[in-house]
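# Residue-level structural notes
These are the residues of each chain, in order.
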Amino acid sequence: MSKILFVMTGADHWTLADGTEHPTGFWAEEAVAPYEAFTAAGHEIVVATPGGVVPPVDRGSLAPEFNDGQENADRVAATLGTMTELQAPVPVADVDLDDYAAVFYPGGHGPMQDLSADADSGRLLVRALDSGTPLGVVCHAPAALLAATRDDGSNAFAGRDVAAFTNTEEAQAGFADRAKWLLQDRLTEAGVNVLPGDPWAPKVVVDGSLVTGQNPASAAPLATELLKKL
């Protein structure tokens, strides 16, 4: 059995342009669907967060309207309750990449708050990319790529093709005019090639060992692609 590292946000809010703290965290489906796929394939999950804090779930992501109804919302919540790994995260700074067969970053607006500027996570991402370790990143979690800089200041993911939460989706979610910055724009400015798909539809981009997904619906198909690399 190999181990897969989940690097998750420790932020329970996202600071908007006007200073408002919008409650957030990780998006439930984006953690649950890959967790189910990876554990079903026999892999062990280890969770890491900045400072080793317990990752907070975005309570909104447990609502029926975001889970195809109450029945599936209840299932997602129940699965979260069984994910004991969430309660015992290790600090990202203490991670030894050699211990893991793959690395996965779930999204939610939380990574926009902390992982986008977390140097320890950024160094881990650079090591994963340079070593060819299978790396999956979904929805807002590509914000973490912004911290993956090399000694000369360039972004390690510049020139790579990715999927990420789009400006269109952020606008439809009601945050484009309220955010300090937009993920698609900031990644593009860093030299990363964002390949947008249709809003809210599954979209996965594979670029070598890097597998990225655009939105919550992309989490399960991303996990399938990442497993092919193990």
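Since the structure is predicted, the reported quantities are computational estimates derived from the model, not experimental observations. (Residues numbered from 1 in each chain as written. Predicted model: local features only at pLDDT ≥ 70, side-chain atom pairs only at ≥ 80, totals over all residues. Heavy atoms only, no water.)

### Things to note about the layout of surface pockets
- By volume, the largest pocket is sized at about 590 Å³.
- What lines the largest pocket is a set of 28 residues, and nearest its centre among them are Trp 27, Glu 30, Phe 66, Trp 200 and Pro 216.
- Residue assignment for the lining of the largest pocket shows that the elements contributing at least two residues are strand 3 (21-23), helix 1 (28-40) and helix 2 (70-82). (1 Å grid on protein atoms, 1.4 Å probe; cavity = no way out; pocket = protein on both sides within 12 Å on 5 of 7 lines; lining within 4 Å. Points joined across faces, edges and corners; volume = space filled by probe spheres on them. Helix = DSSP H or I, 4+ residues; strand = E, 2+ residues; numbered from the N terminus.)

### Observations regarding the packing of helix 1 against helix 7 (residues 219-227)
- Look at helix 1 against helix 7: their axes get within 8 Å of each other, and the N-to-C directions meet at 35°. Between helix 1 and helix 7 lies a crossing of right-handed hand. Facing Glu 29, Glu 30, Ala 33, Pro 34, Ala 37 and Phe 38 of helix 1, the residues of helix 7 in contact are Ala 219, Ala 220, Ala 223, Leu 226 and Leu 227.
- Here the residues of the contact of helix 1 with helix 7 are counted per class, giving nine nonpolar, no polar and two charged. (Axes fitted to C-alpha atoms, helices over the stretch in contact; angles between N-to-C directions. Left-handed = near helix turned anticlockwise from the far one by under 90°. Contact = heavy atoms within 4.5 Å. Nonpolar A, V, L, I, M, F, W, Y, C, P; charged D, E, K, R; others polar.)

### Examining the packing of aromatic side chains
- One pass over the full model with this rule turns up six aromatic pairs.
- Between the aromatic rings of Trp 27 and Phe 66, the centroid separation amounts to 5.3 Å while the plane-to-plane angle is 70°, which identifies the pairing as edge-to-face. Of the two residues, Trp 27 is situated in the loop between strand 3 and helix 1 and Phe 66 in the loop between strand 4 (44-49) and helix 2; the sequence distance between them amounts to 39 residues.
- Its relative accessible area of 15% is what places Trp 27 among the buried residues.
- The exposure class assigned to Phe 66 is partly exposed, which follows from its relative accessible area of 44%.
- Ring-pair connections join several aromatic residues into one group, and the members of that group are Phe 6, Phe 38 and Phe 104.
- A cation over an aromatic ring shows up here: Lys 3 above the ring of Tyr 100, its NZ or CZ 5.3 Å from the ring centre. (Phe/Tyr/Trp six-rings, centres within 6.5 Å; stacked < 30°, edge-to-face > 60°. Buried < 20%, exposed > 50% of the residue type's maximum accessible area, 1.4 Å probe, protein only. Lys NZ or Arg CZ within 6 Å of the ring centre and 35° of its normal.)

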